[in-house]
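Architecture and fold: a report
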Amino acid sequence: EFLANVSMLGEHLLARLQGMAKRFKHVCTEARGRGLWCGLELKIDGKEMVPAALQRGLMLNIIGGRVIRVAPPLVIDRDTLDEGLNILEDMLGDL
């Protein structure tokens, strides 16, 4: 049951990130990943998003300056995952 939940949440996470990549084409290049280990590639330098995300209650990890790494704990629930993804989506909409 645990691994099935991780797999289901991973599919949900990637689908949400792919939706963001399509919706915010002016900022995002692509979303990729496997399970609960995903990334959202940006067309801009994402380092400036880190302090703004912290102010909104979201910790961002930027890889190589342009990839937002999304790697929540395996025990995360869907509501908490969506809460973080909603914050990220709002931030992308503000760019």
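Relevant structure appears above.
Fair warning: this is a prediction, and the values are worked out from it, not measured in the lab. (Residues numbered from 1 in each chain as written. Predicted model: local features only at pLDDT ≥ 70, side-chain atom pairs only at ≥ 80, totals over all residues. Heavy atoms only, no water.)

Notes on the nonpolar core
- By size, the foremost hydrophobic cluster in this structure holds 29 residues, and its most contacted members are Leu17, Leu40, Ile68, Leu88 and Leu92.
- Of all the secondary structure elements, the ones that give two or more residues to this core are α1 (2-23), β1 (28-34), β2 (37-42), α2 (49-55), β4 (67-70) and α3 (78-94).
- Ranked by residues supplied to this core, first place goes to α1 with seven residues.
- Residue contacts for Leu88: discarding those within four places in its chain leaves Leu17, Met20, Leu40, Met49, Leu58, Leu60 and Ile68. (Core = buried A, V, L, I, M, F, W, Y, C linked by side-chain atoms within 4.5 Å. Buried < 20%, exposed > 50% of the residue type's maximum accessible area, 1.4 Å probe, protein only. Helix = DSSP H or I, 4+ residues; strand = E, 2+ residues; numbered from the N terminus. Contact = heavy atoms within 4.5 Å.)

Topic: the environment of Ser7
- With respect to the helices, strands and loops of the structure, Ser7 is situated in helix α1.
- For Ser7, a relative accessible area of 37% corresponds to the partly exposed category.
- Along the chain, Ser7 and Val50 lie 43 residues apart, while their C-alpha atoms are 27 Å from each other.

Overview of the packing of α1 against α3
- Where α1 meets α3, the axes come as close as 11 Å, and the angle between the chain directions of the two elements is 10°. As summarised for this structure, α1 and α3 are arranged roughly parallel, according to the angle between their axes. Only Arg78, Leu81, Asp82, Leu85, Asn86, Leu88, Glu89 and Leu92 of α3 make contact with α1, whose side of the interface consists of Leu9, His12, Leu13, Arg16, Leu17, Met20 and Arg23.
- Its residues assigned to classes, the contact of α1 with α3 comprises eight nonpolar, two polar and five charged. (Axes fitted to C-alpha atoms, helices over the stretch in contact; angles between N-to-C directions. Parallel < 35°, antiparallel > 145°, perpendicular 65-115°, else oblique. Nonpolar A, V, L, I, M, F, W, Y, C, P; charged D, E, K, R; others polar.)

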